[in-house]
Amino acid sequence: MMKQNKILLMLGCIGLPLSTYADSSVPVDSTSPFYEDSAQFNDVASTSEAGWGWSSAAFCDPYDTGCDTTIAPPADTPPATPKRITVSRVAGSPTIKLNWAAASPGIGSNFRYEVYQQLKNGGNSRIYYGTSRTINYNAGSNTTAKYQVKACNSAGCSALSESSYFAINTSYNNGGANTMPLESFGLNAAISLSKSSTAANVHTLTETDTALSVLGNGFDAIKGEVFGNTCWSASGADKLSSVQNVNEQKYSFRQVDSYESLATSLDLKRSGGGSLSFGGFSIGGSGSSSLYSETSKVTESSVIVASFVDQRKKFQAKQAYELGMASNYTNLLTAGQKLEFRKACGDKFIDTVTTGRKMLFTIRVESVSSSYSEIKNKTLELKASLDQYSADGNFSSSEKSTLEQEFRGYTFEIIGTQTGGSAPSNLLRLNSITELMTVLNNFADSANDDLVAIASTERDYPIPSSMSGSHFSVFTNYPVYRDILTAWGRLDSQVEQRCWMLNSDKVGFDVVGRIAEAMGMTFFQGNVSQENLCSATKDMIDRGINYCANQGEWSNCKLPTASACIDSINQGQCMERPELLSFKQFALAEARLDLARGGCAIGPCKKSASIQQCFATSNTVPDYSRNKVISSSYVPTSIPGLVVTVDRAWQVNYVRNSISNASGKYCLGSSAEVYGKGGWGSGGRYEANNQMFGFKLIENIGYSL
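Enquirer: Is there a simple way to think about the overall build of the chain in this case?
Expert: The helix and strand inventory of the chain stands at 17 helices and 30 strands. For the chain, the proportion of contacts with a sequence separation of at least 24, taken over those separated by at least 6, is 74%. As displayed, the chain offers around 31900 Å² of accessible surface, 48% of which is attributable to carbon and sulfur atoms.

Enquirer: Whenever I open this one, the sheet that holds strand β5 (residues 134–138) confuses me. Can you help?
Expert: Either a parallel or an antiparallel arrangement is found when strands of a sheet pair, and the pairing is made through backbone hydrogen bonds. Spatial strand order, β1-β2-β5: 3 strands in an open sheet with antiparallel pairing. Since the sheet does not close on itself, it has two edges, and those belong to β1 (85–89) and β5, each with one partner. Between one strand axis and the next, the sheet turns through 25 degrees on average, direction left out of account.

Enquirer: Looking at this model, I keep getting lost on helix α9 (residues 327–334). Mind explaining?
Expert: Turn by turn, an α-helix covers 3.6 residues, leaving residues three or four places apart pointing in a common direction. When α9 is considered as a whole, its buried residues turn out to be Tyr 329, Leu 332 and Leu 333. Buried residues of α9 fall within an arc of 100 degrees about the axis and therefore sit on the same side. Contacts made by the buried residues of α9 are with β14 (225–230) and α10 (338–345). Count one or two residues on from α9 and you reach Gly 336, which has phi positive near 80 degrees.

Enquirer: Honestly, the side chain of Thr 434 in this entry has me stumped. Any pointers?
Expert: By secondary structure assignment, the location of Thr 434 is in helix α13 (residues 433–445). There is a polar contact of 3.1 Å between the side chain of Thr 434 and the side chain of Ser 432.

Enquirer: Please clarify how the pairing of strand β3 (residues 112–119) should be interpreted in this entry.
Expert: In the case of a regular strand, side chains alternate between the two sheet surfaces. In terms of burial, β3 is largely enclosed, as 7 of its 8 residues are buried. Here β3 pairs with strand β6 (residues 143–153) via 8 bridges, running antiparallel. Each residue of the ladder has a partner; that of Tyr 113, found in β6, is Ala 151. Pairing of β3 with strand β4 (residues 124–130) involves 6 bridges; the strand directions are antiparallel. Opposite Tyr 113, over in β4, you have Gly 130 as the bridge partner. Counting the residues in the hairpin turn of β3 and β4 gives 4 residues, including Asn 121, whose phi is positive at 55 degrees.

Enquirer: What is the right way to look at the sheet that holds strand β28 (residues 652–662) in this model?
Expert: Ordered in space as β24-β29-β28, the 3 strands form an open sheet in which the pairing is antiparallel. Strands at the two margins of the open sheet, each flanked by one partner only, are β24 (605–614) and β28. Across the sheet, the mean angle from the axis of one strand to that of its neighbour is 10 degrees, orientation sign disregarded.

Enquirer: Would you mind going over the state of the cysteines with me for this structure?
Expert: Linking two cysteines covalently via their sulfur atoms produces the bond known as a disulfide. The tally for this structure, following the rule as stated, stands at 7 disulfides. Here Cys 231 connects covalently by a disulfide to Cys 345, the sulfurs 1.9 Å from one another. Taking the sign of the S-S torsion, -100 degrees for the link of Cys 231 and Cys 345, the bridge is left-handed. A residue pair is termed long-range when its members are at least 10 positions apart, and Cys 231 in the loop between β14 and β15 (240–256) and Cys 345 in helix α10 qualify at 114 residues. No difference in accessibility class separates Cys 231 from Cys 345, as the two residues are buried. Across a sulfur-sulfur distance of 2.0 Å, Cys 548 and Cys 557 are joined as a disulfide pair. The S-S bond linking Cys 548 to Cys 557 shows a torsion near 95 degrees; that makes this disulfide right-handed. Comparing Cys 548 with Cys 557, the two get one shared label, buried.

Enquirer: Would you mind showing me how to read the environment of Gln 497 here?
Expert: Mapping Gln 497 onto the fold places it in helix α14 (residues 477–499). Overall, Gln 497 belongs to the partly exposed group, its relative accessible area being 22%.

Enquirer: Looking at this structure, I do not really get the pairing of strand β16 (residues 303–317). What am I missing?
Expert: Most of β16 sits out of view: 12 of its 15 residues are buried. Here β16 pairs with strand β17 (residues 348–366) via 12 bridges, running antiparallel. Bridge assignment links Val 309 to a residue of β17, and that residue is Lys 358.

Enquirer: What should I look at first to understand the nonpolar core in this one?
Expert: Side chains of nonpolar character tend, in soluble globular proteins, to be buried together. Membership of the largest hydrophobic core comes to 119 residues, with the highest contact counts inside it found for Ile 363, Leu 382, Trp 488 and Tyr 686. The element best represented in this core is α14, accounting for 8 residues. Leaving out residues up to four positions away in the same chain, Ile 363 has contacts with Val 303, Ile 304, Ala 306, Leu 382, Leu 386, Phe 412, Glu 413, Ile 414, Ile 433 and Leu 436. Trp 100, Tyr 128, Tyr 147 and Val 149 belong to the second largest nonpolar core, which has 18 residues in total.

Enquirer: Help me out: how do you make sense of unusual backbone geometry in this one?
Expert: Among all residues except glycine, the phi angle is most often negative; among peptide bonds, the trans geometry is most common. Although it is not a glycine, Asn 110 sits at a positive phi angle of roughly 55 degrees. Tracing the chain through its elements places Asn 110 in the loop between β2 (95–100) and β3. Residue class for Asn 110 comes out partly exposed when judged on its relative accessible area of 43%.

Enquirer: How should I be thinking about the packing of aromatic side chains in this particular structure?
Expert: Between two aromatic rings, the relevant description is the distance of the centres plus the angle of the planes. Applying the stated rule across the entire model yields 22 aromatic pairs. Seen from their ring centres, Phe 407 and Tyr 410 are 6.1 Å apart, and the 70 degrees between their planes marks the pair as edge-to-face. Cluster of aromatic residues (ring-pair linked, three or more members): Trp 232, Phe 341, Phe 349, Tyr 461 and Phe 475. The ring centre of Tyr 624 lies 5.8 Å from the NZ or CZ of Arg 514, which sits over that ring. For the cation-ring pair, Arg 656 lies above Tyr 654, with the distance from its terminal atom to the ring centre recorded as 3.9 Å.

Enquirer: Would you explain the packing of α9 against α10 in this entry?
Expert: A pair of packed helices is characterised by two quantities: the angle between their axes and the separation of those axes. As a packed pair, α9 and α10 sit with axes 7 Å apart at the nearest point and diverge in direction by 145 degrees. Crossing geometry of α9 relative to α10 is assigned as left-handed. For the pair α9 and α10, contact is made by Tyr 329, Leu 332 and Leu 333 and by Lys 338, Glu 340, Phe 341, Ala 344 and Cys 345, respectively. Residues belonging to the contact of α9 with α10 are distributed by class as follows: 6 nonpolar, no polar and 2 charged.

Enquirer: Even after reading the chapter, I still don't get the confidence of the model for the chain, so can you show me in this structure?
Expert: Where the model shows low pLDDT, its predicted coordinates should not be examined in detail. In the predicted model, the chain carries a mean pLDDT of 83, and the fraction of residues at 70 or more is 83%. β3 holds the highest mean pLDDT among the elements of the chain, 97, whereas strand β11 (residues 190–192) holds the lowest, 32. Low confidence marks residues 271–285, where pLDDT is under 50. Its contacts with residues over four positions away, or in another chain, come to 61 contacts.

Enquirer: So what exactly am I meant to see when it comes to the packing of helix α11 (residues 372–389) against helix α12 (residues 397–406) here?
Expert: Relative orientation of the contacting elements α11 and α12 amounts to 170 degrees, with a least axis distance of 11 Å. The orientation of α11 relative to α12 falls into the category roughly antiparallel. For the pair α11 and α12, contact is made by Lys 378, Leu 382, Ser 385, Leu 386 and Tyr 389 and by Glu 399, Thr 402, Leu 403 and Glu 406, respectively. Grouping the amino acids of the contact of α11 with α12 by side-chain chemistry returns 4 nonpolar, 2 polar and 3 charged.

Enquirer: Before we go on, may I ask you to explain α13 in this structure?
Expert: Over its 13 residues, α13 extends 18 Å from the first C-alpha to the last, a length consistent with the 18 Å expected when each residue adds 1.5 Å. Among all positions in α13, only Ile 433, Thr 434, Leu 436, Met 437, Val 439, Leu 440, Asn 441, Phe 443 and Ala 444 are buried.

Enquirer: It is not clear to me how the pattern of salt bridges should be interpreted in this structure. Could you clarify?
Expert: Close approach of charged atoms lets side chains of opposite charge pair. On inspection of all chains with the given rule, the structure shows 27 salt bridges. A salt bridge links Glu 531 to Arg 84, with the nearest nitrogen and oxygen atoms 3.0 Å apart. Residue Glu 531 is located in helix α17 (residues 530–549), and its partner Arg 84 is located in the loop between α2 (18–23) and β1; the two are separated by 447 residues in the primary sequence. The two residues Glu 531 and Arg 84 agree in class, both being buried. Across the pair Arg 112 and Glu 114 runs a salt bridge, and its minimum N-O distance is 3.2 Å. Its relative accessible area of 13% is what places Arg 112 among the buried residues. Bridged by salt links that share partners, the residues Arg 89, Asp 539, Asp 542, Arg 543 and Asp 567 form one connected network.

What counts and how
- Residues numbered from 1 in each chain as written.
- Predicted model: local features only at pLDDT ≥ 70, side-chain atom pairs only at ≥ 80, totals over all residues.
- Heavy atoms only, no water.
- Helix = DSSP H or I, 4+ residues; strand = E, 2+ residues; numbered from the N terminus.
- Contact = heavy atoms within 4.5 Å.
- Areas by Shrake-Rupley, 256 points an atom, 1.4 Å probe, with all protein chains shown as cover.
- Pairing = 2+ DSSP bridges.
- Axes fitted to C-alpha atoms, helices over the stretch in contact; angles between N-to-C directions.
- Buried < 20%, exposed > 50% of the residue type's maximum accessible area, 1.4 Å probe, protein only.
- Arc of directions from axis to C-beta.
- Polar contact = N/O pair within 3.5 Å; in protein donor to acceptor, adjacent residues only side chain to side chain.
- Disulfide = S-S within 2.5 Å.
- Core = buried A, V, L, I, M, F, W, Y, C linked by side-chain atoms within 4.5 Å.
- Phe/Tyr/Trp six-rings, centres within 6.5 Å; stacked < 30°, edge-to-face > 60°.
- Lys NZ or Arg CZ within 6 Å of the ring centre and 35° of its normal.
- Left-handed = near helix turned anticlockwise from the far one by under 90°.
- Nonpolar A, V, L, I, M, F, W, Y, C, P; charged D, E, K, R; others polar.
- pLDDT = per-residue confidence, 0-100.
- Parallel < 35°, antiparallel > 145°, perpendicular 65-115°, else oblique.
- Expected span 1.5 Å × (residues − 1).
- Salt bridge = Lys/Arg side-chain N within 4 Å of Asp/Glu carboxyl O.

Laid out in structure tokens, this is it:
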């Protein structure tokens, strides 16, 4: 039976007069969209069947032999499996964020997603039921779990899509060695001078009080933090030897291209620690640590560390023999109880404290149309300009205007933190260099004198006279674990180079999906993709850092490359998963499409052209986080992974840009058509540069730890 006859019969069977159908303006051409085959109906939900005129025996007169009963609604089918699920964590928080890819809904009613938490060596429980594709979930403390999602409808459910296992909000044994960042001591400390139930008298610590609250205290040389107590007999002002008025204000700008250099520039007094934007773990938690954690792509494009430091006074502690160590702590050393001594007194003690205030910023120049080497050069230009303009201690309006012109077309990721002048601020995010200059000027000119301890120096504890040997024969422990922690920090920064483009928090969930699909799946122990390998590796690095940073976990502190280093969650040696991550080397394919058509006698007259440019190798994939059309005239549709700069365009009929995979290689394509007007009028023109940035995947580059 012809399709048209089937439709006519169906309409008749459900009571619609055939004359009504005949009067409509539907074309009779068999190529019309009205003549799609029955496969077209598979996308229709079962609740819409009546609206499509489904035929069944119930609609037909039993004596009507012309009524077609062969067409029935398609059978209900379960949804497809969601392709991926990602887990985002925040250090020290029980709350995680889950995202998953959309699934084809199948055919049926009550479509929903079901999300499960599978505890390591424990039970599986459903934690979500609904249609959203992102949720926040409180996983609790000391939870080791993986997360699963499936799509369901009335016909059934898909298979599960799974994440890796994660350690969430884990608590670590610090051995009783409690510390805090330097600037947390004495910060606007409110001291109640009355026990009245009414409003108490409050006294804010003076600058000297602030310095004395930390001077002589123990110092954790691994975390770069201060102990809350002192081990000296002297206390209060008796600890103080001298006070020097510094009264110095200065700007400084430093370009860095490694995480080690970034840590040094931010005055993070520790040798180890992760690239917190990837490892997700913060040793300490000061403003500088948070700033370090949020600064990304340091090794790719480099960043500028900008600081304004206002130093007021420097407080010097007395010599150790004058301070006099309390006998109970000396006894710990002479009895060989080194870890007990460290738990109480730290590895060193604070020798000097400088009060004042400071602002720190990291500046990353961004451009979707420039390579990383070009961005590094532009970053160097920016540093030179900032050095020049800050020489007089201020930034003028003309200098701001000049910078705006020099960096037109560039964007910036500017993140900052403030210490002193008021309570430490949360991270401040700015959008332009001129905005940064204004903030620095305002802070420098402010009259707020709420000062904090912004810098310190440390000194080794003296060896009791009853003991022999060098200093580190007593403190043999912490230097070993500090050096192992350094190796974990290097591993983390190198993993970030391999994984930042697969971090949903940085580039977006959909972008990661495109890049992962282009890369193909690298499987390990149960269909684990590169994205999951990155997540599992970050999770392992978190634990490695914590084992070395917390005294009570030192028995688990191992070099990542040591055979004794075991990934406790994934049950393999620590370097197994990192070594499965491909190295991503920068790549670029670009081509111009220049097309012109002059005027003509009889128009419009048209001219078209097309280009194609491919990556050199099949193991190079597009960077889909680059996606922009730069134009002041004609703007073609933006294509993920492609940067199109339109130089000149007029009388354009169409432009079509694309990224495709041809013979195993990714290629950019562009075609355009322009036209000239009749009567020898003006012609058409389209000139554009097309750039496809990407990553060349290299499997055999190891880590340098």
